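Observations on chain architecture
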Amino acid sequence: MRIDKTRVAVATAFGGPEVVQIVDEALAKPLAGQVLVEVEAIGVNPFDYKSYSGEFGADESALPLRLGSEASGIVRAVGNTARGPAGPISVGDEVIVSGAKGAYAEKLLVPADAVLPKPSSLSWEEAAGLLSVAGTAFDTIEVVGVSAGDTVLVHGAAGSVGSIVVQLAVARGARVIGTARAVNHEALLEYGAEPVEYGSGLLDRVKALAPDGIAAAIDTVGTDEAVDVSLALVSDKARIVTIAAFGRAGKDGFTAVGGGNPESAARRKKARADLVAAAGRGELKVPIAKTFPLAEVAQAHAELNGEHPRGKFVLIP
């Protein structure tokens, strides 16, 4: 039985942000193992616009394509046996939704396994923007085995994923050198990293900072510069990882994470509760760059696809 409606953002075709529209959809009661969440904030990620850009194919049978995977909100209805990773879920719980399908919505029906308690210390915006970037960052840290005493080079260290990589690596006792635009160097210093500007001469600048060598490199940007510098500085390719340069990883023999890799997905899922707890204690900071009304999702995607302020974009229903 249909009990409600919700506004959702969908891509009606493949192309640029102009193909995204807000539509009404019917909403069913939660079945066993499901919860209904009234959404307060929605995390925006590059994959969201890439999913309809044609980069991953253009199967028209998938249209209209719902967008988004993470949100925060309040539980409004619970199906039988709805138990999340932290235990039973109740109406009124404030939660983080992670790994959902179609999270760009006012209300969201999701499996209970996708719902974790939101720490009261986190804003709705911070909670909504946490787990996609933190899970990705944790995945890279685990793959290259960052530990105390390592000197780690992080490409794109001021980005949403890169800034979490920096924080996690510093927490493990590593020395972190992070590439970023000069305008973001102060933020990296606050996270405990040593900033260096990317661009021509990057290899020499990193060598000057780390004459004893680089133990591991984490690439969050996917440029040839990032890959070439990593290969030149890190002798063990098992300690180079990228979240973006999949072609170069296959060609040059280092690791790529994400992209549907089931091992990556398992690592990220297993780490969710610990990452949320760390953020709740203030040990992980999620900078919020900008918020947009849900109705302005196309504008948010257009801005995210260009040069934009440091931090996460968030939609507000």
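It should be noted that the structure appears before, not after, this text.
Residues numbered from 1 in each chain as written. Predicted model: local features only at pLDDT ≥ 70, side-chain atom pairs only at ≥ 80, totals over all residues. Heavy atoms only, no water.

1. What to know about the overall build of the protein chain
- Summing up its helical and strand segments, the protein chain has ten helices and 18 strands in all.
- Its C-alpha radius of gyration of 20 Å places the protein chain within 12% of the 20 Å reference for a compact globule of 317 residues.
- C-alpha atoms of the protein chain, sized along the principal axes, occupy 65 × 40 × 35 Å.
- Residues counted as buried form 47% of the 317 residues belonging to the protein chain.
- Once local pairs closer than 6 in sequence are excluded, the contacts in the protein chain between residues at least 24 apart make up 66%.
- Measuring between centres, the 30 positive side-chain charges of the protein chain sit 5 Å from its 38 negative side-chain charges. (Helix = DSSP H or I, 4+ residues; strand = E, 2+ residues; numbered from the N terminus. Rg over C-alpha atoms; globule rule 2.2 N^0.38 Å. Buried < 20%, exposed > 50% of the residue type's maximum accessible area, 1.4 Å probe, protein only. Contact = heavy atoms within 4.5 Å. Lys, Arg positive; Asp, Glu negative; His and termini not counted. Charge placed at Lys NZ, Arg CZ, Asp CG, Glu CD.)

2. Comments concerning the pairing of strand β12 (residues 175–179)
- Of all five residues that make up β12, four are buried, and the element is covered over most of its length.
- Relative to β12, strand β11 (residues 151–155) runs parallel, the two being bridged by four bridges. Across the sheet, the residue bridging to Val154 is Gly178, located in β12.
- After leaving β11, the chain enters helix α4 (residues 160–171) and then returns to the sheet as β12, a path that is right-handed.
- Alignment of β12 against strand β13 (residues 194–196), held across three bridges, turns out to be parallel. Across the sheet, Thr179 pairs through a bridge with Val196, a residue of β13.
- Following the backbone out of β12, through helix α5 (residues 185–191) and into the adjacent parallel β13, one traces a crossover that is right-handed. (Pairing = 2+ DSSP bridges. Right-handed = clockwise from strand over helix to strand, strands pointing away.)

3. A word on the sheet that holds strand β14 (residues 216–219)
- Read across the open sheet, the six strands follow the order β13-β12-β11-β14-β15-β16; overall the sheet is parallel. Of all the strands in the sheet, just β13 and β16 (255–256) have a single pairing partner and so form its edges.
- Looking at chain direction, strand β15 (residues 240–242) and β16 are connected through two bridges and run parallel. Residue pairing in the sheet places Val241 in a bridge with Thr255 of β16.
- Seen against the sheet, helix α3 (residues 131–144) touches β14, β15 and β16 and runs at an angle of roughly 155° to β14.
- Relative to β13, helix α6 (residues 202–209) is tilted by about 155°, and along the sheet it contacts β11, β12 and β13. (Axes fitted to C-alpha atoms, helices over the stretch in contact; angles between N-to-C directions.)

4. Section: the nonpolar core
- Counting residues in each nonpolar core, the largest one holds 41 residues, and the members touching the most others are Leu130, Val146, Ile164, Leu168, Ile218 and Leu275.
- Mapped by element, the contributors of at least two residues to this core are α3, β11, α4, α5, β14 and α9 (262–280).
- No other element matches the seven residues that α3 contributes to this core.
- Residues contacting Leu275, with those up to four places away along its chain left out, are Leu130, Leu131, Ala134, Gly135, Phe138, Leu168 and Leu284.
- Of all hydrophobic cores here, the second largest spans 34 residues; its members include Ala9, Leu67, Val95 and Ala103. (Core = buried A, V, L, I, M, F, W, Y, C linked by side-chain atoms within 4.5 Å.)

5. Let's talk about the side chain of Ser98
- Examined against the element boundaries, Ser98 turns out to sit in strand β8 (residues 94–98).
- On the accessibility criterion, Ser98 (14% relative accessible area) is buried.
- When near neighbours in sequence (up to four residues on either side) are disregarded, Ser98 contacts Ser69, Ala114, Leu131 and Arg272.

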